[in-house]
Amino acid sequence: LYPMFQDVHGMMFIGFGFLMAFLYRYGYSSIGLNFFLGALVIQWATLVLAFLHSSHNETLELQLDNLLTADFAAAAVMITFGAVLGKVSPLQLLVIAFVEIMIFGVNEMIGVRELRAVDIGGSMFVHTFGAYFGLALTRMLAADTRGARHYGGSPKEGAVYHSDLFSLLGTLILWQYWPSFNSALGVGDQRHRAVINTYYSLAACVVVTFAVSCLFDKKGKFHMVEVQNASLAGGVAVGAAADFLLQPFGALLIGSAAALVSVFAFRYIQPHLQKYYHIHDTCGVHNLHGLPGIMGGLIAIIATATINSNKYGNRWVFYMYVLIKLIVLMQTLD
């Protein structure tokens, strides 16, 4: 488990940090504050999640699973950070992180314990939650600063050659380690399926992102912001159902659809939200995490409803699969 924990940990502190370094006037703060937030949140999340999911014993037994779930909670906060990047102070970020982790923990507890939802790759509990928490924050900020145009029209909201290269480096790091993110909480064959499904979904997502980005442009050029972000949407969309037998063609289809939705959102939905609803999304988290996260939840529903025990070998193998899911759920609750 530790190698996968290393991958996820690297994604939090290196991948997310460099991905948000595209603003040429905010590169130091993007990486530095991401470092600060990550270090803060993994400590606070360890306590909050242990309190919510334990039987309130006097002592807390720490395992690698606890470190992983703390990193997942940090991912939600960093996604939120992307929506308000460049618009809040370090002190405000600290308050946001403390409040968000508590709400994140309660939301996850309701989903896992009450609704019996299983989301191995965090499509719903991490990506969707973090994205829409961030959009709500940026909407509130816009209300206090004469609307989203206060930010959208700023000359500081731009990238230069070297800042885009740093951001693309973050994309490559996240893309490389995303299979570990989606499979770290799985066990046995469950983990293997998650790695394979994420691997093919991400590969298809990159190809379709380049194709659609070029297709949507009148001059047939690639848009760097779409390459940096939409190429990762396949990992988000496949997350909730990553441990299912989707078959390679299913994973490829999910990655392709996620790329199409994400590029379309960057090109058309994001300007619409900013113009008419005063929602200024600095990093486009709605396009990378929000919409693909919703897709992931819907895909998991469809995969669960159409599950066929014969695909898992036989009835008893299928029962073992369900038992493993329950064991993973119990471990999460403990």
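On a predicted model such as this, the values are computed, not experimentally measured, just so you know.

**Things to note about the overall build of the protein chain**
Right, on to step 1. When helices and strands are tallied, the protein chain shows 13 helices and 0 strands.
Right, on to step 2. Looking at the protein chain as a whole, 53% of its 334 residues qualify as buried.
Right, on to step 3. Residue pairs at least 24 apart in sequence account for 82% of intrachain contacts in the protein chain once pairs closer than 6 positions are excluded.

**Quick word on the nonpolar core**
The nonpolar side chains of a soluble globular protein tend to be buried with one another.
Right, on to step 1. Counting residues in each nonpolar core, the largest one holds 76 residues, and the members touching the most others are Met12, Phe16, Leu85, Val126, Trp178 and Phe181.
Right, on to step 2. Contacts of tryptophan 178, omitting those with residues within four sequence positions, involve Met11, His127, Thr198, Leu202, Leu232, Gly235 and Val236.

**Structural notes on the side chain of histidine 289**
Right, on to step 1. Within the secondary structure, histidine 289 sits in helix α12 (residues 285–305).
Right, on to step 2. A polar atom in the side chain of histidine 289 sits 3.0 Å from the side chain of histidine 127.
Right, on to step 3. If we skip the residues at most four places from it in the chain, histidine 289 touches Phe16, Ile79, His127, Thr128, Ala131 and Val236.

**Topic: helix α1 (residues 2–19)**
Right, on to step 1. Compared with an ideal rise of 1.5 Å per residue, which puts 18 residues at 26 Å, α1 spans 24 Å between its outermost C-alpha atoms and is within 8% of the ideal.
Right, on to step 2. When you tally the buried positions in α1, you get 13 out of 18 residues, the bulk of the element.

**Observations regarding the environment of glycine 296**
Right, on to step 1. Counting through the fold element by element, glycine 296 comes out in helix α12.
Right, on to step 2. The class for glycine 296 is buried, based on a relative accessible area of 0%.
Right, on to step 3. Along the sequence, glycine 296 and aspartate 119 sit 177 residues apart, while their C-alpha atoms lie 9.2 Å from each other.
Right, on to step 4. Every residue in contact with glycine 296, bar those within four places of it in the chain, is listed here: Ser123, Ala237 and Ala240.

**Here's the deal with a nonpolar patch on the surface**
Right, on to step 1. Side chains of Leu91, Val95, Phe98, Val99, Met102 and Ile103 sit close together on the surface and give an oily, nonpolar patch of about 510 Å² of accessible area.
Right, on to step 2. Structurally, the position occupied by methionine 102 is in helix α4 (residues 90–114).

**Quick word on the packing of helix α2 (residues 27–53) against α4**
Right, on to step 1. One way to put it is that α2 packs onto α4 with a least axis distance of 9 Å and a crossing angle of 35°. Handedness of the crossing formed by α2 with α4: right-handed.

**Points about the confidence of the model for the protein chain**
Right, on to step 1. Residue-level pLDDT values for the protein chain average 88, and 87% of them are 70 or greater.
Right, on to step 2. For the protein chain, the element scoring lowest by mean pLDDT is helix α6 (residues 149–152), at 50; helix α10 (residues 233–237) scores highest, at 96.

**Let's talk about the environment of valine 195**
Right, on to step 1. Position of valine 195 relative to the elements: it lies in helix α8 (residues 189–216).
Right, on to step 2. With 15 residues separating them in the primary sequence, valine 195 and serine 180 have C-alpha atoms 6.8 Å apart.
Right, on to step 3. Setting aside chain neighbours within four positions, we find valine 195 in contact with Met4, Pro179 and Ser183.

**Let's talk about the packing of aromatic side chains**
Right, on to step 1. All chains considered together, the criterion is met by 12 aromatic pairs.
Right, on to step 2. On the basis of an interplanar angle of 45° and a centroid distance of 5.1 Å, the ring pair of phenylalanine 264 and tyrosine 268 is categorised as tilted. Pair noted here: phenylalanine 264 and tyrosine 268 are both in helix α11 (residues 247–277), with a separation of 4 residues, about one helical turn.
Right, on to step 3. For tyrosine 268, a relative accessible area of 43% puts it in the partly exposed group.
Right, on to step 4. A network of ring pairs unites the aromatic residues Phe72, Trp178 and Phe181 as a single cluster.

**Let's talk about the pattern of salt bridges**
Right, on to step 1. Overall, the coordinates contain 1 salt bridge when judged by the stated rule.
Right, on to step 2. Between arginine 267 and glutamate 226 there is a salt bridge, with its nearest N and O atoms 2.7 Å apart. Taken as a pair, arginine 267 in helix α11 and glutamate 226 in helix α9 (residues 224–229) lie far apart in primary sequence, 41 residues in all.
Right, on to step 3. Using a relative accessible area of 15% as the deciding quantity, one classes arginine 267 as buried.
Right, on to step 4. Exposure remark for glutamate 226: the relative accessible area of 1% places this residue in the buried category.

**Overview of the environment of methionine 224**
Right, on to step 1. Its place among the elements puts methionine 224 in helix α9.
Right, on to step 2. A residue is classified by how much of its surface remains accessible, and methionine 224, at 34% relative accessible area, is partly exposed.
Right, on to step 3. Considered as a pair, methionine 224 and leucine 165 are 59 residues apart in the sequence and their alpha carbons are 9.5 Å apart.

Cut-offs applied
- Residues numbered from 1 in each chain as written.
- Predicted model: local features only at pLDDT ≥ 70, side-chain atom pairs only at ≥ 80, totals over all residues.
- Heavy atoms only, no water.
- Helix = DSSP H or I, 4+ residues; strand = E, 2+ residues; numbered from the N terminus.
- Buried < 20%, exposed > 50% of the residue type's maximum accessible area, 1.4 Å probe, protein only.
- Contact = heavy atoms within 4.5 Å.
- Core = buried A, V, L, I, M, F, W, Y, C linked by side-chain atoms within 4.5 Å.
- Polar contact = N/O pair within 3.5 Å; in protein donor to acceptor, adjacent residues only side chain to side chain.
- Expected span 1.5 Å × (residues − 1).
- Patch = residues over 30% accessible without salt bridge, like charges linked within 9 Å, V, L, I, M, F, W, Y side chains within 5 Å.
- Areas by Shrake-Rupley, 256 points an atom, 1.4 Å probe, with all protein chains shown as cover.
- Salt bridge = Lys/Arg side-chain N within 4 Å of Asp/Glu carboxyl O.
- Axes fitted to C-alpha atoms, helices over the stretch in contact; angles between N-to-C directions.
- Left-handed = near helix turned anticlockwise from the far one by under 90°.
- pLDDT = per-residue confidence, 0-100.
- Phe/Tyr/Trp six-rings, centres within 6.5 Å; stacked < 30°, edge-to-face > 60°.

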